Each structure stands twice: as C-alpha cells, then as structure tokens.
Amino acid sequence: MNSNTATMCSLKLAGVSRAFGAVAAVDSVNLSLAAGSFTAMVGPSGCGKTTLLRMMGELEIPSAGQISRTSGTVSFCFQEPRLLPWRTLLENVALPLELTGVERHERLERAARALALVQLDDAHTRYPHQLSGGMQMRASIARALVSRPQLLLLDEPFSGLDEITRHELDAELRALWERERFTAIVVTHSIPEAAFLAERVLVFSPRPARVVADIATPMIVRDARAWTSDALAACVREASTALLHAIVEARR
Amino acid sequence: MTPRASIRGAMRARILSTMRACIGPTATIVTAIAAWAIFKYSFSVKDFMLPSPLGVARVFLEDPSPFLLGMRETAISAVIGFSIAVVGGVLLGSVLSLSRTIERSVYPVTLLFQMVPLVAIAPLLVIWCGFGRPAIIASTVIVSIFPVIANTLAGLRARDPKLDELFAVLGAGRLACWWKLALPSAVASIVTGLRISAGLATIGTISGEFIAAEGGPRAPLGMLIMTSLRQFQTDRVFVSVALAACVGFALFGFVSVASRVLLARWTRGR
C-alpha cells in the first residue's frame, strides 16, 4: 500500500531481525516509511515492537538486515520522562542542545519555545519532582522536539498516564505533528490512540515481531482542535472499529 | 504562607531542634569534666599524670597565643590536605570508573595502600618532602583520600542506566556523560565520603605533625603535644588535644552543613 519512492523515504528497513540469545524478538521486517508520515505500531505486549523502535533509533543493533534513513536529527521519547532530577525544567529541555554545543543563550531560548509548544510556559524554573506525571511527560516531549527532529520515535509515551491526560497529550502531539511535520513513529498498546494519532498503523504478530497488517487509517484529523468533540469521537470510534476489524482479519 | 516565610519558619524550627539536640551532649561533657575533677581531687592524682580541669583552663588562658597559633597552623594543613584529598579523590575515583579493567587493577592497590599504617610511611614522607608543611599535608591526604575515592566510585557506578541510555541517544560524549550525568548522580554518595574523610583529615594532620613538624614560634598542635610530653607538661598536652579536637570538629561541621545545602538541591524528588 505504500508507494513512496526511495528518495521520499525517510526510513527503510530491509529484512531487519533481532535476536537476544536464542530468543528472536524481531523477524525479518521490511518497511518503508515516508518522510513526514505518522505511523503507529501496535501488537501484543512483549512482541518486539519496542525492540524494532529502538533499532530505528540506533539504540539497538539489528542481528540481520539493514536500516537506512535519510540524514536528519532523530529524537527518541521514552516510556518514562527520564528528566534529570537536579535540573530545572528549562535546563532539562535544553539538554540535547547543550550536548551538541549550542550556545547558552540560544539553547535556553529554544528550550523556552519548546516548553511553550507543550503548554508548560509557567514551569521553567520548576524541578521534575514538583510536577505531575503528565507535565513531566510533556517536558520530555519538549526535550525531544527542542532539537527540531526530522524523525521522532515514541515508545508508549503516554501509557503511564490517566485517560484524560493521555487524551490531552495525544491531541497535542497530533497538533504538533500537523504543524512541524516531522516523521513520527509511535509504539502503543491502545487501538483508539493508534487510530487517533496515525495515518498508518502497522500490526505486529506475537514474538517474534512480524508485520501482519499494514493499515491506512482514514485521515480523520486535519486539525484535531477544530473538530467538535462529537465529530471527533465518532471519527475515532469509526477508525478504531475499522482497525480492530483489520487486526482480527489479519489474525485469521 | 509565602515561600520565604516558610523558609524562615523552617530555619527557626531547625535552629530550635539543633539547640535541643545540643542539650544532651553538653550535659555529658559537663558530667565528664565533673567526674574528672572529682577523681583527680579524691585520689590526689599528681598533676603530670592528670591535671585538673581548672589547671588546664588556666594554662590556656594565661598565654593562649602559642596554642592559638598552633591551632591555626594545624587547621591550615588540615584544610589544604582535605581539599587535595577531595579533588584528588573525586578525580581518581572518576578515572577508576572509566573502565572495569582499570578499576580491577588499581582499586585493590589503593585498598592495600590504605592498610599500610600511616606511622610506618610517615618517616618516608619526611625523607621525600623534608620537615614542615608539605610532609604534613601529604600525611593528611594519605589518611583522608580513600573514603572519597571509594564513595566516588560507588556513586558513579550506581547511576540510573535509563539516564545513561538517554545520554547515549542524545549523542553525549564520555566527558559530557561524566560531568553532566555521572558526577551529579554521585553527589549524594561523594558527600558521604567527604563526611568520613573530614573526620579522618585531622587525624592525618596531627600524626604527620608528630613526625614532620618543625618547632619554633609557629609550632602546630601536634608539635606542641610532643614537646609538652617531653617536659611532662601534661596540662599543655590537654589543651593541645582539646584544640585539635576543635579543628576536627570544625572541619566535620563545615562539611556537614555544606553537604546538607548541596544535597537539598541535588536530591530533589528522590
């Protein structure tokens, strides 16, 4: 279903496998992800989707196969916020720039802008432990965005949060992507979340992970905030149902 | 309550609790001095064996200047030696943490070094550094550096592997990982090492002074103890010992307060 040419391709996986000892986690995955696309990866717990994501982010080396991608900044958003407890929020968000040698004044300014993107304008001088889990996760996303990545990899970023906060952050992430148009790949357990966020959903088999379904979700949201809640809810519901059908079909 | 008012309230509460904590030890000291006086007078112990508390106080008050000068000398050596031990210990601990191989080959040797009695090395220090301050400082460093090395190493090793991974994703170099992640993570552990080593530093200084100090008007406390001993001026020994204890206590107190301030910032939310 993906007809993008190689030049448009932001990320290309050819026969990528990964084994931990005798256990195969990922089994020869072939994928081609277009630049500026939003892809969700769903599948049963422990199936190897996270391993695949980590290989995309070069946190893990494939046992076999190749991952090639066009050059550009990559950001990784972990399942937990992973903020440094001894730094203020602003300093935490500025960290990626600091490590690449961006001058202090500029990096703090950019960090402040990234915090504004995730609605944390008023929390610059707070320390992580003074914030709720949702705010910490927002800060973690701001830190991932501060280096203006071309590729954003998210590993179940909101799974530890309550439903309401999670939905809020999903909407924010989606709006950010609309605006910035980075290539986004998110691993999630939640079918409605996948349906809401992504244009394309990859369904994985139980371990070792293999793509069993590659589904284009209807482009439900152009600008999620412009929609009425009823229309949005109906649309997500519809997309979720379609996705669920596809998953069940793929299992047969 | 405004934050500032709450800070002031917290400070007042802390001062009050500190004062309350001092009542017990003060009572113990007063009791000990009283017992000392009673023992001395009821058994009429000779002055050179055990001077009276009043006699000790008199010796000090009649001419405090040699004691205070000696205290100053001792304090300077202790502070310089301790500072070298802190910086050197953190650096050495960091170098050791760079690789398992280096750690395995060097750490046991530092342990062994720690086991050698200082009194046995001290004459060598005199041969290498001559009489005077350098040998005394060297003796201070030798005694107090080990806890800093050990705790730095432990702290650097105990950092959160998830944060390590974050730094790897962000493409941080080795130096950046050390300075911005490992060292801040290790602060709590290093501070524990500093407390232990602050207590040891004065011991190292006084021991060094026993062997390597020079006499004269600026004789440090260790030297005063030795010369007073030779002349059976036990009351002067008592004064010097008490002042040496003060130096040790001051150093330890300073490190404790400084570490509390530092930790308040570093261990937020942990």
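Draft legend 1. Broad picture of the overall build of chain B. If you tally the helices and strands in chain B, you get 10 helices and zero strands. Helices and strands in chain B line up, N terminus first, as α-α-α-α-α-α-α-α-α-α. Summarising its shape, the C-alpha atoms of chain B cover approximately 75 × 60 × 30 Å along the three principal directions. Contacts spanning at least 24 positions in sequence make up 78% of the contacts within chain B whose residues lie at least 6 apart.

Draft legend 2. Looking closely at the overall build of chain A. What chain A contains, in helices and strands, is seven helices and nine strands. For 252 residues, the compact-globule estimate of 2.2 N^0.38 gives 18 Å, and chain A sits close to it at 18 Å. Over its C-alpha atoms, taken along the principal directions, chain A stretches across nearly 55 × 45 × 35 Å. Burial statistics for chain A: of 252 residues in total, 40% are counted as buried. Long-range pairs, those at least 24 residues apart, make up 71% of the contacts in chain A with a sequence separation of at least 6.

Draft legend 3. Examining the nonpolar core more closely. Among the nonpolar cores identified, the biggest contains 125 residues, and Met41, Val93, Leu115, Ala142, Leu153 and Val201 of chain A are the most heavily contacted of them. For this core, the leading source of residues is helix 6 (residues 133–157) of chain B, giving 14 residues. Each residue touching leucine 115 of chain A, except ones within four places of it in the same chain, is listed here: Leu89, Leu90, Val93, Leu120, Asp121, His124 and Ala142 of chain A.

Draft legend 4. Main features of the domain arrangement of chain A. Residue and element names in this part refer to chain A. Partitioning chain A into structural domains gives domain 1 (1–72 + 152–252) and domain 2 (83–149). On a C-alpha basis, the centres of domain 1 and domain 2 stand 25 Å from each other. Taken together, the contact between domain 1 and domain 2 spans 11 residues of the former and 10 residues of the latter. Counting residues per element, the side of domain 1 that touches domain 2 draws most heavily on helix 5 (residues 163–180), at five residues.

Draft legend 5. Structural detail: the pairing of strand 6 (residues 151–155) of chain A. Residue and element names in this part refer to chain A. Strand 6 sits mainly inside the fold: five of its five residues count as buried. Along strand 6, one buried face is formed by Leu151, Leu153 and Asp155 and the opposite face, lined by Leu152 and Leu154, is buried too. Strand direction decides the pairing type here: strand 5 (residues 74–77) and strand 6, joined by four bridges, are parallel. The partner of serine 75 across the bridge, within strand 6, is leucine 152.

Draft legend 6. Structural detail: the domain arrangement of chain B. Residue and element names in this part refer to chain B. The domains assigned to chain B are domain 1 (1–45) and domain 2 (49–266). Facing the five residues of domain 1 at the interface are four residues of domain 2. When grouped by side-chain class, the residues that make up the side of domain 1 that touches domain 2 number four nonpolar, no polar and one charged.

Draft legend 7. Examining the sheet that holds strand 5 of chain A more closely. Residues and elements named next belong to chain A. Here six strands make up an open sheet; going across it, the order is 5-6-7-3-8-9 and the pairing mixed. Each edge of the open sheet carries a strand with a single partner, namely strand 5 and strand 9 (211–216). The sheet shows a mean angle of 15 degrees between the axes of neighbouring strands, taken without regard to direction. Here strand 3 (residues 38–42) pairs with strand 8 (residues 200–204) via four bridges, running parallel. Within strand 8, the residue paired with valine 42 across the bridge is valine 203. Set on the sheet, helix 1 (residues 49–56) makes contact with strand 3, strand 6, strand 7 (183–187) and strand 8; between it and strand 7 the angle comes to about 150 degrees.

Draft legend 8. View of unusual backbone geometry. All names here are of chain A. In this structure, arginine 82 takes a positive phi of about 50 degrees despite not being glycine. The topology assignment puts arginine 82 in the loop between strand 5 and helix 2 (89–99). Arginine 82 sits in the buried class, given 20 other C-beta atoms within 10 Å. Backbone geometry places glutamate 156, a non-glycine residue, at a positive phi of 40 degrees. As for its placement among the helices and strands, glutamate 156 is situated in the loop between strand 6 and helix 5.

Draft legend 9. Here's a closer look at the environment of glutamate 98 of chain A. Inspection of the secondary structure puts glutamate 98 of chain A in helix 2. With 10 residues separating them along the chain, glutamate 98 of chain A and leucine 108 of chain A place their C-alpha atoms 9.2 Å apart.

Draft legend 10. Examining the packing of helix 3 (residues 65–98) of chain B against helix 6 of chain B more closely. All names here are of chain B. Where helix 3 meets helix 6, the axes come as close as 6 Å, and the angle between the chain directions of the two elements is 35 degrees. Viewed along their axes, helix 3 and helix 6 form a crossing whose handedness is right-handed. Of the residues assigned to the contact of helix 3 with helix 6, the class counts are 17 nonpolar, 10 polar and two charged.

Draft legend 11. Inspection of the interface of chain B and chain A at higher detail. Listed as interface residues are 15 residues of chain B and, on the opposing side, 15 residues of chain A. Elements with a minimum of two residues in the side of chain B that touches chain A: helix 7 (161–169), helix 8 (174–212) and helix 10 (234–266) of chain B.

Draft legend 12. Structural view of the packing of helix 3 of chain B against helix 4 (residues 100–115) of chain B. All names here are of chain B. One can describe the packing of helix 3 onto helix 4 by two numbers: an axis separation of 6 Å at closest approach and a directional angle of 135 degrees. By the angle between their axes, helix 3 is oblique relative to helix 4. Packed against helix 3, whose contacting residues are Val95, Leu96, Ser97 and Leu98, the element helix 4 presents Ile102, Glu103, Val106 and Tyr107 at the interface. Within the contact of helix 3 with helix 4, the residues separate by chemical class into six nonpolar, one polar and one charged.

Draft legend 13. Expanded view of helix 4 of chain B. Residue and element names in this part refer to chain B. Here helix 4 contains 16 residues, and its C-alpha end-to-end distance of 23 Å stays within 8% of the 22 Å for a straight helix at 1.5 Å per residue. Of all the bends in helix 4, the greatest, near 25 degrees, is centred on valine 106, and the proline proline 108 appears no more than four residues after it. Within helix 4, only zero of the 16 residues are buried, leaving the element largely exposed.

Draft legend 14. The arrangement of helix 1 of chain A in detail. Among the eight residues of helix 1 of chain A, eight are classified as buried, and the element is accordingly described as predominantly covered. Remark: glutamate 58 of chain A follows helix 1 of chain A within two positions and exhibits a positive phi of approximately 60 degrees.

Draft legend 15. Geometry of the environment of valine 237 of chain B. As for its placement among the helices and strands, valine 237 of chain B is situated in helix 10. In this structure, the C-alpha to C-alpha distance between valine 237 of chain B and alanine 10 of chain B, residues 227 residues apart in sequence, is 42 Å.

Conventions we followed
Residues numbered from 1 in each chain as written. Chains lettered and ligands numbered in written order. Predicted model: local features only at pLDDT ≥ 70, side-chain atom pairs only at ≥ 80, totals over all residues. Helix = DSSP H or I, 4+ residues; strand = E, 2+ residues; numbered from the N terminus. Contact = placed C-beta atoms within 7 Å. Rg over C-alpha atoms; globule rule 2.2 N^0.38 Å. Buried ≥ 20, exposed ≤ 12 C-beta atoms within 10 Å, placed from the backbone. Core = buried A, V, L, I, M, F, W, Y, C linked by C-beta atoms within 7 Å. Domains from an automatic or database assignment. Pairing = 2+ DSSP bridges. Nonpolar A, V, L, I, M, F, W, Y, C, P; charged D, E, K, R; others polar. Axes fitted to C-alpha atoms, helices over the stretch in contact; angles between N-to-C directions. Left-handed = near helix turned anticlockwise from the far one by under 90°. Parallel < 35°, antiparallel > 145°, perpendicular 65-115°, else oblique. Expected span 1.5 Å × (residues − 1). Bend = angle between axes of the 7 residues up to and from the residue.

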